[in-house]
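# Residue-level structural notes
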Amino acid sequence: MTSFLRKSLILLCFAILTGAALAAPLGSSVRPVIPGDVQQLICVDYRALKNSDTAQALKEQVLPDSLKQFETALKGAGISPDRDVDTLTFISYRNPKRALEVVGVAQGVFPTKTVLSKLRLHKVRPVKYRDSDIYPMSSGMEMTFLDESTLLFGDGAALRGSLDARDGYVTTLDSNPDIANLIGDVESGAVWSILDQKGTQNMLLSALGDASGLADFETVKKRILGSRYTMNFQNGVNFDLDVITSDSVTAATLSSLVKAGVLYRKMTANGVEKSALEDVSVNSDSSKLQMHFKADDKQFQSLIHTSLFAAVSR
């Protein structure tokens, strides 16, 4: 699995526990900066983070350094993540050389004038990139305001690649219907993620474990088109995954493989892990594999300290 995918799965696990009963749709300023060759999007309502004990426990255990660095960099620029950030979107895309780039977009109510005044006071000067002012942040990241409520951040090459999409130099998300069409059914959720074909294949390889070595997986993996995740938090934690395939036979075969993967996991699982796996349901509906998991907060907080969770999130 790629380094980014491992990090993004951790981010997703972190994100699923930070949501509230609010939606986290893509903002109108976000879609234009998503290049067409996108591998994954993760969108999360950031506002409820501080209100969730489970989220705080998970944050301490698996929050990747990149997000910690972003929080530190925001504070250094005069922005409070807890107070000012409403939603975070993480974008993984392939640049023209096929390497993966990662950028983030923060949306909220930012004290823009105060931030810019503080930067000027510390003699932090922007670099012009066409009509965008790009400012250095700590930890080697850079940032630019897309508008007064939208902040794009990441390393220099990744950030400029996103701006190239916005400015028409590379294709955008709307030119990629395989990914764009996955968004509509999930963006009304508090937390959601979508993956392209390659990302979904890698995710399933990790999730299936030993079952991924079965011949049937090699047969069906090229007919896997993409996937989407949604979460809700009423009466515990509910996770729903759809894997989109080319036809109903592929979906049914994949469903059988995932069930086999769950059985493999149960063979080596401890008590907490086995209990969690009992709450996983898998089926197929037309050309979709559907997977559902439900746990209460106490059960999930126990699960994040197990080897099963470590295997999924590493």
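Everything here concerns the structure above.
Report on the accompanying structure. (Residues numbered from 1 in each chain as written. Predicted model: local features only at pLDDT ≥ 70, side-chain atom pairs only at ≥ 80, totals over all residues. Heavy atoms only, no water.)

### As for the side chain of Asn-176
The following threshold applies: Comment: elements are numbered from the N terminus, with helices defined as DSSP H or I runs of at least four residues and strands as E runs of at least two. We call a residue buried when its accessible area falls under 20% of the maximum for its residue type, exposed when it is over 50%, and partly exposed in between, using a 1.4 Å probe and counting protein chains only. As used in this structure description, the phrase polar contact means that two N or O atoms lie within 3.5 Å; if the pair is within protein, one of them must be able to donate a hydrogen and the other to accept it, and residues adjacent in sequence are counted only when both atoms belong to side chains.
With respect to the element layout, Asn-176 can be found in the loop between helix H6 (156–166) and helix H7 (177–183). On the basis of relative accessibility, which here comes to 16%, the residue Asn-176 falls in the buried class. A distance of 2.8 Å separates a polar atom in the side chain of Asn-176 from the backbone oxygen of Gly-36.

### Comments concerning the pairing of strand S7 (residues 150–154)
For clarity, the cut-off: Strands were regarded as paired on the criterion that DSSP finds at least two bridges between them.
Most of S7 is tucked away, with five of its five residues classed as buried. The side-chain alternation of S7 yields two buried faces, one formed by Thr-150, Leu-152 and Gly-154 and the other by Leu-151 and Phe-153. Across five bridges, the pairing between strand S3 (residues 100–108) and S7 is antiparallel. Residue pairing in the sheet places Val-105 in a bridge with Leu-152 of S7. The pairing of strand S6 (residues 142–147) with S7 spans five bridges and is antiparallel. Across the sheet, Asp-147 pairs through a bridge with Thr-150, a residue of S7. Hairpin connection between S6 and S7: a loop of two residues separates the two successive antiparallel strands.

### With respect to the environment of Thr-144
Here is the rule we go by: We call two residues in contact whenever any of their non-hydrogen atoms come within 4.5 Å of each other.
By the secondary structure assignment, Thr-144 is in strand S6. Overall, Thr-144 belongs to the buried group, its relative accessible area being 1%. Placed 15 residues apart in sequence, Thr-144 and Tyr-129 show a C-alpha to C-alpha distance of 9.9 Å. Look past the residues within four positions of Thr-144 in its chain and what remains in contact with it is Ser-132, Asp-133, Ile-134, Thr-150, Leu-151, Leu-152, Leu-159 and Leu-163.

### Digging into the pattern of salt bridges
Put simply, the rule reads: Definition used for salt bridges: Asp or Glu carboxyl oxygen within 4 Å of a side-chain nitrogen of Lys or Arg.
Counted by the stated rule, this structure contains 15 salt bridges. Across the pair Arg-31 and Asp-174 runs a salt bridge whose closest N-O atoms are separated by 2.9 Å. Highlighted residues: Arg-31 in the loop between helix H1 (3–15) and strand S1 (38–45) and Asp-174 in the loop between H6 and H7, separated in sequence by 143 residues. Asp-174 sits in the exposed class, given a relative accessible area of 56%. The residue Lys-128 makes a salt bridge to Asp-133 at a minimum N-O spacing of 3.0 Å.

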